[in-house]
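# Descriptive analysis of the structure
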Amino acid sequence: MTKQTNTIIVFDIDGVIRDVGGSYRRALADTVEHFTNQAYRPTDIDIDNLKSEGIWNNDWEGSQELIYRHFVSQGNTREQLQLNYEHIVNYFQSRYRGTDPENWNGYICNEPLLLQPSYLEELTQADISWGFFSGATRGSATYILEKRLGLKSPVLIAMEDAPGKPDPTGLFATIKLLENGSDKKQTVIYVGDTVADMHTVEKAKILDNSRTWVGVGVLPPHVQETAVRRDAYAATLMKAGAKIVFNNVQELTPGKIQEWER
């Protein structure tokens, strides 16, 4: 019999709940390639290096930044370029969501799931509350959580609901929904796959030291192809504040959480 825990878990979505290597990241590379007139297509490592800076959680902004950096490397200034952010977003979305606004037909349709609904049910049975805080749009997040995973109105704070990470406002909002008026200060585990995710937890700790905060890193599938890359990425997450780094989110079991509570 699993004992009750004093912990709530908040999950990031991209790279934790779903593999976005062939969707968000591919759309980002397509977008940069398009707006640099096919002169530059960022590699996975280029994208990881950008995200390791800890401030490029939004892939639209990340696309724009890589476009800027390419042209600056060619001797231009940012002021000369006058990139149209709305055009960048629209092109990105045409690749990611697709060309039909009603029935999405883009890369989002083929994202592999990284957890099964039975895992979330296991957490519920262990009396662990859980929800989601993601930089994904609400439409994209709801698509994966409700349509693909079959969840019924899960607790979710998405891009439209809070400032982007590493600002912890959205994390606090998710916790408030999960605690639902309770005065009990529970331990919070935030599970993410980027430096920005871990920095979000670190910032939350500074703002609220009345509870225990735990950052848990998960290695996205695209970095697990070689041991060197996997180890380097894990070290980056640990340096950013992760308590532990898993290959897959489902390794964060109720039993593991109870070990931390002892």
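Everything quoted here is computed from the prediction, not taken from an experiment. (Residues numbered from 1 in each chain as written. Predicted model: local features only at pLDDT ≥ 70, side-chain atom pairs only at ≥ 80, totals over all residues. Heavy atoms only, no water.)

### Things to note about the overall build of the chain
When you go through the chain residue by residue, the secondary structure sums to 11 helices and six strands. A compact globule built from 262 residues would reach a C-alpha radius of gyration of about 18 Å, and the chain, at 19 Å, matches this within 12%. The principal-axis extent of the C-alpha atoms belonging to the chain is close to 60 × 40 × 35 Å. Across the chain, the mean location of the 27 positive side-chain charges is 3 Å away from that of the 35 negative side-chain charges. (Helix = DSSP H or I, 4+ residues; strand = E, 2+ residues; numbered from the N terminus. Rg over C-alpha atoms; globule rule 2.2 N^0.38 Å. Lys, Arg positive; Asp, Glu negative; His and termini not counted. Charge placed at Lys NZ, Arg CZ, Asp CG, Glu CD.)

### Some words on the side chain of Glu 179
Along the chain, Glu 179 turns up in helix H8 (residues 169-179). According to the relative accessible area criterion, Glu 179 is buried, its value standing at 11%. Setting aside chain neighbours within four positions, we find Glu 179 in contact with Ile 8, Lys 184, Lys 185, Gln 186 and Arg 211. (Buried < 20%, exposed > 50% of the residue type's maximum accessible area, 1.4 Å probe, protein only. Contact = heavy atoms within 4.5 Å.)

### A short note on the packing of helix H3 (residues 59-73) against helix H5 (residues 85-96)
Orientation of H3 relative to H5, taken along the N-to-C sense of each, is 115 degrees, at an axis distance of 10 Å. When the axes of H3 and H5 are compared, the crossing they make is right-handed. Of the residues in H5, those touching H3 at Asp 59, Trp 60, Glu 61, Ser 63, Gln 64 and Ile 67 are Tyr 85, Ile 88, Val 89, Phe 92 and Gln 93. Here the contact of H3 with H5 is built from residues that sort into six nonpolar, three polar and two charged. (Axes fitted to C-alpha atoms, helices over the stretch in contact; angles between N-to-C directions. Left-handed = near helix turned anticlockwise from the far one by under 90°. Nonpolar A, V, L, I, M, F, W, Y, C, P; charged D, E, K, R; others polar.)

### Comments concerning the pattern of salt bridges
For the structure shown, the criterion picks out 21 salt bridges. For the salt bridge of Glu 53 with Arg 69, the shortest nitrogen-to-oxygen distance reads 2.9 Å. Remark: Arg 69 occurs in helix H3 and Glu 53 occurs in the loop between helix H2 (44-51) and H3; sequence separation between them is 16 residues. Glu 53 sits in the partly exposed class, given a relative accessible area of 38%. For Lys 165, the salt bridge identified is with Asp 197, shortest N-O distance 2.7 Å. Here Asp 197 lies in helix H9 (residues 195-207) and Lys 165 lies in the loop between strand S3 (156-157) and H8, a separation of 32 residues in the sequence. For Lys 165, a relative accessible area of 4% puts it in the buried group. Given a relative accessible area of 0%, Asp 197 falls into the buried group. Connected through salt bridges with shared partners, the residues Arg 25, Asp 44, Asp 48 and Arg 229 form a single ionic network. (Salt bridge = Lys/Arg side-chain N within 4 Å of Asp/Glu carboxyl O.)

### Overview of the pairing of strand S4 (residues 187-192)
Counted residue by residue, S4 has six buried out of six residues, so it is predominantly covered. Both strand S1 (residues 7-11) and S4 contribute to a ladder of five bridges, which runs parallel. In the strand pairing of S4, Ile 9 is matched with Ile 189. Pairing between S4 and strand S5 (residues 213-218): five bridges, direction parallel. Within S5, the position partnered with Ile 189 by the bridge is Val 214. (Pairing = 2+ DSSP bridges.)

### Side note on the sheet that holds S4
The six strands are arranged S3-S2-S1-S4-S5-S6 in an open sheet whose pairing can be described as parallel. Strand pairing shows two members of the sheet lacking a second neighbour, S3 and strand S6 (244-246), which therefore form its edges. Together, S5 and S6 form the strand contacts of helix H10 (residues 227-239), whose direction differs from that of S6 by roughly 145 degrees.

### Details of the pairing of S1
In terms of burial, S1 is a largely internal element, five of the five residues being buried. Of the two faces of S1, the one carrying Thr 7, Ile 9 and Phe 11 and the one carrying Ile 8 and Val 10 are both buried. With four bridges joining them, S1 and strand S2 (residues 129-133) adopt parallel strand pairing. Its bridge partner lying in S2, Ile 9 is registered against Trp 130.

### Things to note about helix H7 (residues 138-148)
Taken together, the buried positions of H7 are occupied by Ser 140, Ala 141, Tyr 143, Ile 144 and Leu 145. On its buried face, H7 sits against helix H1 (24-35), H5, S2 and S3. Where H7 terminates, the next one or two residues include Gly 150, which has phi positive at roughly 75 degrees.

### What about the packing of H1 against H3?
Between H1 and H3, the least distance of the axes is 9 Å, while the angle of their chain directions is 35 degrees. Regarding H1 and H3, the two cross each other, and that crossing is right-handed. Packed against H1, whose contacting residues are Tyr 24, Leu 28, Thr 31, Val 32 and Phe 35, the element H3 presents Asp 59, Ser 63, Leu 66, Ile 67 and Phe 71 at the interface. Tallied by class, residues from the contact of H1 with H3 come to seven nonpolar, two polar and one charged.

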